Amino acid sequence: MGEEVKRTTYNRTQQREYRRKVQVCLDVFESMLTQTRFDSERPLTGMEIECNLVDADYQPAMSNRFVLEAIADPAYQTELGAYNIEFNVPPRPLPGHTGLDLEKEVRASLNDAELKANSSGSHIVMIGILPTLMPKHLIEGWMSESTRYRALNNSISNARGEDISIDIAGPEPLSWQAPSIAPESACTSMQLHLQLDPDDFAANWNAAQALAGPQLALAANSPYFFGHRLWSETRIELFAQSTDTRSEELKRQGVRPRVWFGERWITSVVDLFGENVRYFPSLLPELSDEDPVAELAAGRAPVLSELRLHNGTVYRWNRPVYDVTDGRPHLRLENRVLPAGPSVVDMLANSAFYYGMLRTLSEAEHPVWSEMDFALAHRNFLEAAQQGMEAHLHWPGRGDVSTQRLVLDTLLPMAHEGLQRWGVDGAVRERFLGVIEGRAKAGRNGATWQVAAVTALEESGMTRPRALAEMLRRYCGHMHANEPVHTWDV
């Protein structure tokens with residue numbers, strides 16, 4: 001959910017002091033990169049899974065307060081919507097048979113959480129956008145009880161000065177005016193973390209940006225919003241529009257959006273933090289008592305609270321994260337590209353593909369980003385969000401190629417090689433990358449399954465709302481069976 005704050009509104013003095021403090025934090029961080037030892041000897045991976053809550057009729061259940069009380073596990077937290085919760089998977093190293101252990105642990109934890117959620121009449125669903133969510137659900141009572149969320153809503157609304165326009169093209173275009181950031185709560189994702197040495201960060205971020213298009217095409221799982229069939233991964237555009245602080249005039253002037261792919265390859269992690277500070281005004285100017293200069297001079301790792309909080313309100317699809325654990329600073333690359341679901345095995349397959357590809361691409365003698373214009377990586381990302389498995393993507397040495405051929409002929413061997421370099425056991429590689437291979441061969445991901453299921457149900461005589469609810473009921477059955485989506489019956 002991000003760090004909690006103390007207030008929901010801020011005055012000009014607080015804004016001004018916060019701006020000064022963020023710059024001080026950035027200067028200290030840059031100094032630390034040359035003076036301080038970052039924790040990276042035993043890199044850890046982490047995962048966050050955002051989930052939706054539904055009632056017995058598979059409609060949104062605004063019950064996360066009661067569900068979290070029943071689960072009573074600090075690994076589960078609130079998210080923006082009262083119908084959302086987040087599961088934070090404890091960090092762990094990647095090598096060996098960790099992946100298979102992780103699959104068992106995640107399934108066991110989610111199954112236990114589901115049973116406890118049932119006590120309040122709710123069910124947990126892992127999906128990119130809840131297909132039964134409708135405008136009536138986001139009028140009132142939709143927001144979780146949190147000062148941070150109220151402050152964020154106030155700051156974005158005040159910065160924009162007008163309602164938020166949701167305009168998304170697709171087979172069934174949608175246009176809607178939102179008086180709050182409520183549509184953001186519809187976007188539920190899986191976030192992957194990788195701890196990195198500062199010297200390795202730029203290569204890994206560049207690799208993640210180049211990979212974002214193929215990654216998303218394979219995993220798209222959000223074709224419906226407010227009953228409209230839109231993009232294969234509608235979550236990408238919906239999230240961008242629902243958190244946009246720019247008026248129409250600022251958009252036309254080329255002011256950068258807070259949900260941002262970026263505009264260039266980088267040479268240092270400082271490039272990213274520096275851009276965040278230069279380009280984006282604060283949304284939550286919460287001040288800490290820490291003097292980061294004094295902390296560093298005393299030989300301690302400063303928390304850099306203002307920089308971290310500001311960084312958390314710039315929504316890069318691949319985001320740098322600075323943190324301090326047990327007095328030692330570390331850097332993480334947070335991958336925010338993927339939707340939640342459809343099943344645990346699908347999500348772990350997506351993560352294995354990502355980590356394997358990242359290792360191979362970041363260590364390549366001729367990096368992919370040296371042969372690809374950044375604008376092409378961005379184009380791939382948007383094409384993948386819109387078309388999913390049907391996307392044609394540009395890749396060096398291949399030109400424009402279908403997602404299926406790119407994955408099967410070029411990327412899967414690279415993912416296998418990368419996981420081998422990580423020291424991942426053969427059984428883990430075969431299980432999870434086998435799912436990716438099956439998905440690519442079948443041409444079916446969560447988005448294509450959802451559309452096929454709804455189409456079949458409507459052809460049998462169901463209305464769209466009934467078809468969406470029935471599709472979601474079947475989806476949940478497959479999800480709990482932990483079957484990979486390319487094997488699901490319609």
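In this convention, every chain numbers its residues from 1, walking through the sequence in written order. Side-chain atom pairs in this predicted model are given and counted only at pLDDT of 80 or more, local residue features only at pLDDT of at least 70, and totals for whole chains, interfaces and linings cover all residues. Think of the side-chain values as coming from all heavy atoms in the structure, minus any hydrogens and water.

K.L.:
With reference to specific residues and values, describe the overall build of the chain.
P.N.:
By definition, any uninterrupted DSSP run of H or I lasting at least four residues is a helix, any uninterrupted run of E lasting at least two residues is a strand, and each is numbered from the N terminus. In terms of helices and strands, the chain carries 16 helices and 15 strands. Computed over the C-alpha atoms, the radius of gyration of the chain is 22 Å, within 12% of the 23 Å expected from 2.2 N^0.38 for a compact globule of 490 residues. In terms of its C-alpha atoms, the chain occupies a principal-axis envelope of roughly 70 × 50 × 45 Å. Burial classes: relative accessible area under 20% of the type maximum marks a residue as buried, over 50% as exposed, and values in between as partly exposed (1.4 Å probe, protein chains only). Here the chain, with 490 residues, has 59% of them falling under the buried criterion. In this analysis, two residues are considered to be in contact whenever any of their non-hydrogen atoms come within 4.5 Å of each other. Long-range pairs, those at least 24 residues apart, make up 75% of the contacts in the chain between residues at least 6 apart in sequence. Here the chain has roughly 18800 Å² of accessible surface; of this, 48% comes from carbon and sulfur atoms. Restricting the calculation to C-alpha atoms gives the radius of gyration, and the globule rule supplies 2.2 Å times the number of residues raised to the power 0.38. Where accessible areas are quoted, they stem from the Shrake-Rupley method and a 1.4 Å probe; at the residue level, only the protein chains shown are allowed to cover.

K.L.:
An account of helix α4 (residues 147-160) is needed here, citing residue identities and associated values.
P.N.:
Across its 14 residues, α4 extends 20 Å between first and last C-alpha, which sits within 8% of the 20 Å expected from 1.5 Å per residue. Buried residues along α4 sit in contact with β2 (76-78), β5 (164-168), α7 (248-252), α10 (305-311) and β11 (315-316). Here a polar contact is recorded for every N or O atom pair within 3.5 Å, except that within protein the pair must consist of a potential hydrogen donor and a potential acceptor, and residues adjacent in sequence are included only if both atoms are side-chain atoms. If you check the start of α4, you find a side-chain oxygen 3.2 Å away from the backbone N of R148, and it comes from S146. Count one or two residues on from α4 and you reach G161, which has phi positive near 75°. Multiplying 1.5 Å by the residue count of a helix minus one yields the expected span of that helix.

K.L.:
Please give an account of the pattern of salt bridges that cites residues and values.
P.N.:
It is possible for side chains of opposite charge to pair when their charged atoms get near one another. What counts as a salt bridge is simple: a side-chain nitrogen of Lys or Arg found within 4 Å of a carboxyl oxygen of Asp or Glu. As enumerated under the stated definition, the model contains 36 salt bridges in all. The closest approach of N and O atoms between R300 and E295, which form a salt bridge, is 3.0 Å. Taking the shortest distance from any N to any O, the salt bridge between R359 and E363 comes out at 2.5 Å. Linked through salt bridges whose partners overlap, the residues forming this network are R160, E162, D244, R246, E248 and K251.

K.L.:
Give a detailed account of the environment of P173, specifying residues and quantitative values.
P.N.:
Here P173 is to be found in the loop between β5 and β6 (174-178). Separated by 161 residues in the primary sequence, P173 and R12 have C-alpha atoms spaced 40 Å apart. Beyond its immediate chain neighbours, meaning those up to four positions away, P173 contacts I168, H228 and L230.

K.L.:
Which residues make up the packing of helix α13 (residues 403-422) against helix α14 (residues 426-442), and what values go with them?
P.N.:
Fitted lines through C-alpha atoms serve as axes, helices being fitted only where they are in contact, and the angles separating the N-to-C directions of these axes extend from 0 to 180 degrees. Running from N to C, α13 and α14 point in directions that differ by 175°, and their axes come no closer than 10 Å. Considering their axes alone, α13 and α14 lie roughly antiparallel with respect to each other. Two secondary-structure elements touch here, α13 through Q404, V407, L408, L412, A415, H416, L419 and Q420 and α14 through R429, E430, L433, I436, E437, A440, K441 and A442. Tallied by class, the residues present in the contact of α13 with α14 amount to nine nonpolar, three polar and four charged. The cut-offs work like this: below 35 degrees is roughly parallel, past 145 is roughly antiparallel, 65 to 115 is roughly perpendicular, and the gaps in between are oblique. Charged residues are taken to be Asp, Glu, Lys and Arg, nonpolar residues to be Ala, Val, Leu, Ile, Met, Phe, Trp, Tyr, Cys and Pro, and polar residues to be all remaining types, Gly included.

K.L.:
Explain the packing of aromatic side chains to me, using residue names and the numbers behind them.
P.N.:
Planes of paired rings set the category: under 30 degrees apart is stacked, over 60 is edge-to-face and the rest tilted, where pairs are Phe, Tyr or Trp rings (Trp by its six-membered ring) whose centres lie within 6.5 Å. Per the stated rule, a full pass over the model turns up 21 aromatic pairs. Centroid distance W317 to F381: 5.6 Å. Interplanar angle 50°. Geometry classified as tilted. Residue W317 is located in the loop between β11 and β12 (318-325), and its partner F381 is located in helix α12 (residues 374-387); the two are separated by 64 residues in the primary sequence. Of the two residues, W317 and F381, both sit in the buried class. Grouping aromatic residues by their ring pairs yields a cluster made of W205, F239, F261, W265, Y315, W317, F374 and F381. Over the ring of W422 we find R359, and its NZ or CZ is 4.7 Å from the ring centre. By definition here, charges over rings are those cases where NZ of Lys or CZ of Arg is within 6 Å of the ring centre and within 35 degrees of the ring normal.

K.L.:
How would you sum up the side chain of T98? Please name residues and give values.
P.N.:
By secondary structure assignment, the location of T98 is in helix α3 (residues 98-118). Judged by relative accessible area, which is 17%, T98 ranks as buried. Only 3.4 Å separates the side chain of T98 from the backbone oxygen of P93, close enough to count as a polar contact. Those residues in contact with T98, other than ones at most four positions away along the chain, are R92 and P93.

K.L.:
Could you give me a rundown of the nonpolar core, with the residues and numbers involved?
P.N.:
Core analysis: the biggest nonpolar cluster contains 157 residues, and F29, I49 and F225 have the highest contact counts within it. Ignoring anything within four residues of it in the chain, the contact list for F225 reads I129, L133, I166, L174, P183, A186, L230, T234 and L238. In these notes, a set of buried Ala, Val, Leu, Ile, Met, Phe, Trp, Tyr and Cys residues joined through side-chain atoms within 4.5 Å is what counts as a nonpolar core.

K.L.:
Before we move on, can you summarise the pairing of strand β3 (residues 84-92) with the specific residues and values?
P.N.:
Direction of pairing for strand β1 (residues 45-54) relative to β3: antiparallel, over a ladder of seven bridges. Bridge pairing in β3 links T45 to R92. Linking two consecutive strands that pair antiparallel, namely β2 and β3, is a turn of five residues. Here a strand pair is declared whenever DSSP counts at least two bridges between the two strands.

K.L.:
Please set out the packing of helix α5 (residues 198-219) against α12 residue by residue, giving values where relevant.
P.N.:
Between α5 and α12, whose axes approach to 7 Å, the crossing angle comes to 25°. On the basis of their axis angle, the class for α5 and α12 is roughly parallel. The two elements α5 and α12 cross, and the hand of that crossing is left-handed. For the pair α5 and α12, the contacting residues are W205, Q209, A210, A212, G213, L216 and A217 in the first and F374, A377, N380, F381, A384 and A385 in the second. Each helix crossing is assigned a hand: it is left-handed if the near helix lies turned anticlockwise from the far helix by less than a right angle, otherwise right-handed if that turn is clockwise.

K.L.:
Could you give me a rundown of unusual backbone geometry, with the residues and numbers involved?
P.N.:
Peptide bonds are trans in most cases, and residues, glycine excluded, mostly fall at negative phi. Omega for the bond connecting G341 with P342 falls within 30 degrees of zero, at 0°, which places this linkage in the cis form. With respect to the helices, strands and loops of the structure, P342 is situated in the loop between β13 (328-339) and α11 (344-362). Even without a glycine there, the phi angle at F226 is positive, about 55°. Along the chain, the position of F226 falls in the loop between β8 (224-225) and β9 (228-229). Relative accessible area serves as the criterion here: at 6%, F226 is assigned to the buried category. In this structure, N482 is a non-glycine residue whose phi angle is positive, near 60°. For N482, the location among the structural elements is in the segment after α16 (464-481).

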